Amino acid sequence: MKLGAKPREIWKPSSQLSGRFNRLNRKLNRLMVLDHVWTQLVGEKARFWKLEAVKGSTLYVSVRLSVARNELIGRRDTLIRELNKHFDNPWIEKIDIIKDLGASHE
């Protein structure tokens, strides 16, 4: 840069960041909130219910014991309702239970 020349603009305000970055940031924030709220809601059951994945509006939870699976089935609607309270728009519509491949046989 020459002496007295106007410097190039290096920093941009957050309003000029691309929409793509902002969408990614919102998704990451939503997943972090989901993970935290899930941990708080299930408490001690976290030993048996593990949040594995989210795809679209479906949570995939692995379950270690059949008794814990039955309890999750019974609490599924309540958990969905409680999770959705923490988001601007209801997001979670379904909880699918998958078998915990790492668990030993009962």
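The structure we're discussing is the one just above.
Only a predicted model underlies this, so the values are computations on that prediction, with no experimental measurement involved.

(A) Structural view of a positive patch on the surface. The grouping of Arg23, Arg26, Lys27 and Arg30 at the surface amounts to a positive patch. With respect to the helices, strands and loops of the structure, Arg30 is situated in helix H1 (residues 19-42). Given a relative accessible area of 33%, Arg30 falls into the partly exposed group.

(B) Looking closely at the pattern of salt bridges. As enumerated under the stated definition, the model contains four salt bridges in all. Close ionic contact of Glu71 with Lys45 constitutes a salt bridge, the shortest N to O distance being 3.1 Å. A residue pair is termed long-range when its members are at least 10 positions apart, and Glu71 in helix H2 (residues 66-84) and Lys45 in the loop between H1 and strand S1 (49-55) qualify at 26 residues. Residue Glu71 is classed as partly exposed on the basis of its relative accessible area, which comes to 30%. Put simply, Glu52 and Lys50 hold a salt bridge, and the shortest N to O gap is 3.9 Å.

Rules behind the numbers
- Residues numbered from 1 in each chain as written.
- Predicted model: local features only at pLDDT ≥ 70, side-chain atom pairs only at ≥ 80, totals over all residues.
- Heavy atoms only, no water.
- Patch = residues over 30% accessible without salt bridge, like charges linked within 9 Å, V, L, I, M, F, W, Y side chains within 5 Å.
- Areas by Shrake-Rupley, 256 points an atom, 1.4 Å probe, with all protein chains shown as cover.
- Salt bridge = Lys/Arg side-chain N within 4 Å of Asp/Glu carboxyl O.
- Lys, Arg positive; Asp, Glu negative; His and termini not counted.
- Charge placed at Lys NZ, Arg CZ, Asp CG, Glu CD.
- Helix = DSSP H or I, 4+ residues; strand = E, 2+ residues; numbered from the N terminus.
- Buried < 20%, exposed > 50% of the residue type's maximum accessible area, 1.4 Å probe, protein only.

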